[in-house]
Amino acid sequence: VRVQILAYDPTTGAARLAAEDPPVGSSGQLIIDFKWLIRRVHQWLEAHGANVKNPFESMAHSPSVADDFRGAHDLIAEKLTAIRGLLKHPVSYVWGPPGTGKTRHVLAATVAHLLSLGKKILVTAPTNLAVDNALDAILSVDGVERAAVLRIGIPSSEFRDKWRDCCEEKAFQEQLTELKHQHDLLIERHKAGLRTAELNAIIPCLTREIELETNTAIQATFEAKDLGDDLFSATTDVTKMTLDCTETAKLLSIHKSDLAALAIPERRKAVDALETEQAALIQEKHVLVAEACQLSWWKRTFTDAKSRSESRLAQLEQHSSSVELTLLRQRAKLTELETQMGALDQQINHLSKRLIEGETMRQQRILDVARLKSQISKCTEQANRAEAAAGRAEEERRECEIELEQLEGLGNIPSDDVAFFELEKEMDSIAIAMSKITQNLDGKLVLGMTLDGFVGLTMHQSLNFDHVIVDEAGYAPLAKVIPVCSLRCPISLLGDHCQLPPVYQGKNHPQSECYWGTSALYLEEAFKIGVGDCPASLLNHANEAPMFQLLHKSVLTQTFRFGSNLATLVDRHFYDIGLNSQAVFATTVEIVDCPPSNPPAAECWQNFAEAEAVVERAGRWLDWQSWTVTGQWPISCRYLYSKRQVGHEYSDQPGKVSRPHFYRRKFLASTAESFITSDGVIMMYQF
C-alpha cells in the first residue's frame, strides 16, 4: 500500500498518514527508506552537474578580509587567525576538537563580519541539529538582525521556540496547516455563499428556459402533424396520378398499335403502284392503237401483225380492267382506313396531351411530397432539439436544486453583503497570520539548511551566495558538498576529521563508496586529476589525512569542554596538535554496569536498565528534587545525550516529571555527556 506522510512532529514522533488504498488488516509495518536522498543527489548532478566548478580555480565571488570582526573583539589569537583564514582563502578549513569554539566563536564571528559587508551566506551542515547550533551561534552575536537570518527545513523544538521568527513555514507546519484549514473553510463558506446566490439566480432562468423549449417542442410537433396531413394528401394524389398516367400511357400505346396495324403507308404505296401500272397499261393501249392505225394494207391483209396487235390489245384491256377493279377496291379501303386513322390520330393526340399534363401534375406533387417531408423533418428536428434542451435544462435545474440543498445543509452561509463583508474580513486576518509565518528568501542574507535541504531547494530553482560555510564538515559526505561548488563562491569548512567519518554501506560500488563514504575535507582530492576521477585512488587517499595543499587549514588547540587530564589524553592518542584545556572543572569518569532487562513489551534494541541508570545519575548530579521544585538548572548546565532509550521524559513545568514514555530524549545535565557502549555499560564523563 502506498502511503503519503501528511504531517510529522519531530518532537513527539507523531505522524499523520494517508493511504492510496485502504490498508488490509488492522496493523502493519511502515518502512521509511532514505535512499531517495541519494537518488535526489544523483538527479541534481544529472540536471545541474555542468554548473559544478573546481572551487580552487574558478570563483565568481572573491574572498574579502578585514581586521574589524563583529563579535570577535574578545577572541584569542588562534581564533582570529582561523577567521582570517576563512575570509581570505577560496576554500578553507578550521580544524578543532570538541569545545574549541569552531561554531560558537569562529563560525559566528565570520558570518557576522560577512553580514556587515552585505554578503549573502549559506550556512549548512550534514544534520539539522548542527544547522540549528550554527544559526543559534550566529543569532547570538550582538548586532546580527533576526530578519536577515532564515532557517530552512525543520529545526529542533528548542531552536524554533527560541528563534521563532527565523524559521520558515515548515517549522510551523502544524500551525500553518491549521490556519490553512481555517482559511480553506472560510473560502469554502465564501464560495458556498457566492454559489448559493448564483444558484438562486440560475434556477429561475433554467425554469424559463424549460418552459420556452417545451413550448417550442409542442409547436413544432403540431406543425409537423399538420404537415403530415398535407403529406398524406400529396402522397395519395401522387399515387392516383401515377395510376392515371399509367392507364393513359397504356391506352395511348394501344391506339398507337392500332394505328400501326392499319398500315396506311403500305396501302398508299400499293394504290400508287396500281395507279402507276394502270397508267402504263393505258399508255401501252394507246401505243398499240396508234401502231394498228399506221399498218399498211399489205401488212393488214397478208400478215398477222394486225391479229397480234388486236390480241395484245385485248390482253391489255383485260388486264387493265382487272387493275382498275383492284385499284377501286383498294382506294375504297384506303379511304375507309384513313378515316379510322384520323380518328386514331385524334385520340392519340388527346391521350398524349393528357399524359403530359398528368405527368407534369404528378411531378409537381412529387416535389410537394419532398418539400413536405423536408419540412416535417425540420419540424421534428426542432422539436427534438427543443425537447433535448428542455431535458438538459431540467437536469441542470435538478442538479442545481440538489447542490443548493447541500449548500443550505452546510449552514452558516453568508446571504447578504454584510455577512460577506464579515467573512472576507475574517479571511484577510487569517491570510495575514499565514503571511507572517511564510518567509521570503529574497530578503534574507543568511540561509541555514542541511546539505540535503540545499540539494532539494536548488533542484528546481537557482540560488546565489557570496560565501558558503559547512559546519561539521568531517561528517559531511563528499557527494553532498560537491553541489555547493556550483555556487562559485568561497567555501569554508569547519569540523574535526579525527572524528567519525561518513558511514557508507554498499555492495562493492567503489564510486559510490568514495563519494558517500568520504568526508567533505577531501574536496581537494576530489578535484585533483588522477584522484577524484579514480575511485580506487580517492579511497586510498581517504585512508590517510587530507592533503591540505590547496585547502587552507587553521587549527584550534584550546578546548573549554574537556578537563586538562582528558584533553591531554585525547591529544596524545588522537589529535597530536597540542590540545590544552581551558575548562574550570575537573574530569571524572564513572562506569556503570547495567545489563539489559527485558520487560514483556520491550523491543530488541531497548534497554530499560540503561535508561534508568542515565536518569539516576543525572538526578544525583543535578539535585533532581531541587530542580523539579524550582524548574531551574544551574547556570553551567550543558547537554546530556543518550543514543539509546531513556526511561523518563522531562517537562518544562516545575514539579512535572512523568514515568517512562518517549525514548531518545535530551536531558540537561551539569556539564556532562553520556557515551553508551554496545555491551550495555554507560561511561559518564563529568567535566
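Residues numbered from 1 in each chain as written. Predicted model: local features only at pLDDT ≥ 70, side-chain atom pairs only at ≥ 80, totals over all residues. Heavy atoms only, no water.

## Digging into the overall build of the protein
- Assigned secondary structure in the protein consists of 18 helices and 16 strands.
- In the protein, buried positions account for 38% of the 687 residues.
- Across the protein, every contact between residues at least 6 apart in sequence was considered, and the portion connecting residues at least 24 apart equals 71%.
- Entry remark: accessible area of the protein is about 39500 Å², with carbon and sulfur atoms responsible for 53%. (Helix = DSSP H or I, 4+ residues; strand = E, 2+ residues; numbered from the N terminus. Buried < 20%, exposed > 50% of the residue type's maximum accessible area, 1.4 Å probe, protein only. Contact = heavy atoms within 4.5 Å. Areas by Shrake-Rupley, 256 points an atom, 1.4 Å probe, with all protein chains shown as cover.)

## Re the nonpolar core
- One finds L122, V468, V484, L487, L493 and Y515 to be the most contacted residues of the largest nonpolar core, which totals 51 residues.
- When near neighbours in sequence (up to four residues on either side) are disregarded, L493 contacts L86, S92, Y93, V94, V470, A473, A520, L521 and L551.
- Core analysis: the second largest hydrophobic core is formed by 36 residues, A82, A109, V123 and A134 among them. (Core = buried A, V, L, I, M, F, W, Y, C linked by side-chain atoms within 4.5 Å.)

## Digging into the sheet that holds strand 9 (residues 552-555)
- What the seven strands build is an open sheet, ordered 5-6-4-7-8-3-9; its pairing is parallel. Whereas interior strands pair on both sides, the edge strands pair on one side only; in this sheet they are strand 5 (149-151) and strand 9. Sheet twist, expressed as the mean angle between neighbouring strand axes with direction ignored, is 20°.
- The pairing of strand 3 (residues 91-95) with strand 8 (residues 491-495) spans five bridges and is parallel. Opposite V91, over in strand 8, you have I491 as the bridge partner. (Pairing = 2+ DSSP bridges. Axes fitted to C-alpha atoms, helices over the stretch in contact; angles between N-to-C directions.)

## Comments concerning the pairing of strand 4 (residues 121-125)
- For strand 4, a buried count of five out of five residues is recorded, marking the element as mostly surrounded by other parts of the structure.
- Residue alternation in strand 4 divides its side chains into two sets, I121, V123 and A125 and L122 and T124, and both sets are buried.
- The pairing of strand 4 with strand 6 (residues 446-450) spans five bridges and is classified as parallel. Bridge pairing in strand 6 links T124 to M449.
- The sheet contact formed by strand 4 and strand 7 (residues 467-470) spans four bridges and is parallel.

## What about unusual backbone geometry?
- Non-glycine residue E472 carries a positive phi angle of around 50°.
- For E472, the position within the fold is in the loop between strand 7 and helix 12 (478-481).
- At F548, a residue that is not glycine, the phi angle is positive and equals roughly 55°.
- In this fold, F548 is placed in the loop between helix 15 (535-542) and strand 9.
- Since its relative accessible area comes to 17%, F548 is described here as buried.

## Considerations on the environment of R268
- Tracing the sequence through the fold places R268 in helix 7 (residues 264-293).
- Linking R268 and T335, residues 67 residues apart in sequence, is a C-alpha distance of 9.9 Å.
- Reaching out from R268, the side chain makes a polar contact with the side chain of E338 at a distance of 2.7 Å. (Polar contact = N/O pair within 3.5 Å; in protein donor to acceptor, adjacent residues only side chain to side chain.)

## Digging into the packing of aromatic side chains
- Tallied over the full model, the rule gives two aromatic pairs.
- Measuring from ring centre to ring centre gives 5.5 Å for Y93 and F548, while their planes differ by 5°; the resulting arrangement is stacked. One end of the pair, Y93, is in strand 3; the other, F548, is in the loop between helix 15 and strand 9, with 455 residues separating them in the sequence.
- The class of Y93 is buried, set by a relative accessible area of 0%.
- Pairing W95 with Y575 gives two aromatic rings, centres 6.4 Å apart and planes at 50°, and the pair type is tilted. Here W95 is found in strand 3, whereas its partner Y575 is found in helix 16 (residues 564-575), with 480 residues between them in sequence. Of the two residues, W95 and Y575, both sit in the buried class.
- A cation over an aromatic ring shows up here: K120 above the ring of F465, its NZ or CZ 5.8 Å from the ring centre. (Phe/Tyr/Trp six-rings, centres within 6.5 Å; stacked < 30°, edge-to-face > 60°. Lys NZ or Arg CZ within 6 Å of the ring centre and 35° of its normal.)

## Observations concerning the confidence of the model for the protein
- When pLDDT is averaged across the protein, the result is 81; 81% of the residues are at 70 or more.
- Per-residue pLDDT, averaged within each element of the protein, yields its smallest value for strand 13 (residues 638-640) (33) and its largest for strand 4 (97).
- Segment residues 627-687: pLDDT under 50, and 149 contacts once partners within four positions in sequence are set aside and those in other chains are kept. (pLDDT = per-residue confidence, 0-100.)

## Section: the packing of helix 3 (residues 102-116) against helix 4 (residues 128-139)
- Look at helix 3 against helix 4: their axes get within 8 Å of each other, and the N-to-C directions meet at 65°. In this structure, the crossing between helix 3 and helix 4 has a hand that is right-handed. Mapping the contact onto sequence places T103, R104, L107, A108 and V111 in helix 3 and N133, A134, D136, A137 and I138 in helix 4.
- A breakdown of the residues in the contact of helix 3 with helix 4 according to their chemical character gives six nonpolar, two polar and two charged. (Left-handed = near helix turned anticlockwise from the far one by under 90°. Nonpolar A, V, L, I, M, F, W, Y, C, P; charged D, E, K, R; others polar.)

## A short note on the state of the cysteines
- Under the definition given, this model contains zero disulfides.
- Just so you know, C485 is unpaired, no disulfide at all, and the nearest cysteine sulfur is the one on C489, 9.2 Å from it.
- C514 forms no disulfide, and the closest cysteine sulfur to it belongs to C534, at a distance of 8.7 Å. (Disulfide = S-S within 2.5 Å.)

## Brief notes about the pattern of salt bridges
- Within this structure, the stated rule accounts for 19 salt bridges.
- Between K162 and D136 there is a salt bridge whose closest N-O contact spans 3.0 Å. On the criterion of sequence distance, the pair formed by K162 in helix 5 (residues 157-162) and D136 in helix 4 is long-range, its members being 26 residues apart.
- Residue K480 is joined to D452 by a salt bridge in which the shortest nitrogen-to-oxygen separation is 2.8 Å. Placement of the pair is K480 in helix 12 and D452 in helix 11 (residues 451-457), with a sequence separation of 28 residues. For the residue pair K480 and D452, the accessibility class agrees, reading buried in each case.
- Connected through salt bridges with shared partners, the residues D237, R365, D368 and R371 form a single ionic network. (Salt bridge = Lys/Arg side-chain N within 4 Å of Asp/Glu carboxyl O.)

## Brief notes about a negative patch on the surface
- Where like charges cluster on the molecular surface, the negative patch consists of E223, D226, D229 and D230.
- With respect to the helices and strands, the residue D226 is situated in helix 6 (residues 173-262). (Patch = residues over 30% accessible without salt bridge, like charges linked within 9 Å, V, L, I, M, F, W, Y side chains within 5 Å. Lys, Arg positive; Asp, Glu negative; His and termini not counted. Charge placed at Lys NZ, Arg CZ, Asp CG, Glu CD.)

## A look at a nonpolar patch on the surface
- Taken together, V3, I5 and L17 make up a surface patch of nonpolar side chains, about 240 Å² in accessible area.
- Among the structural elements, L17 can be located in strand 2 (residues 15-19).

## Things to note about the environment of I577
- Looking at the element boundaries, I577 is found in the loop between helix 16 and strand 11 (580-581).
- Each C-alpha atom, one on I577 and one on L556, is 8.7 Å from the other, the two residues being 21 residues apart in sequence.

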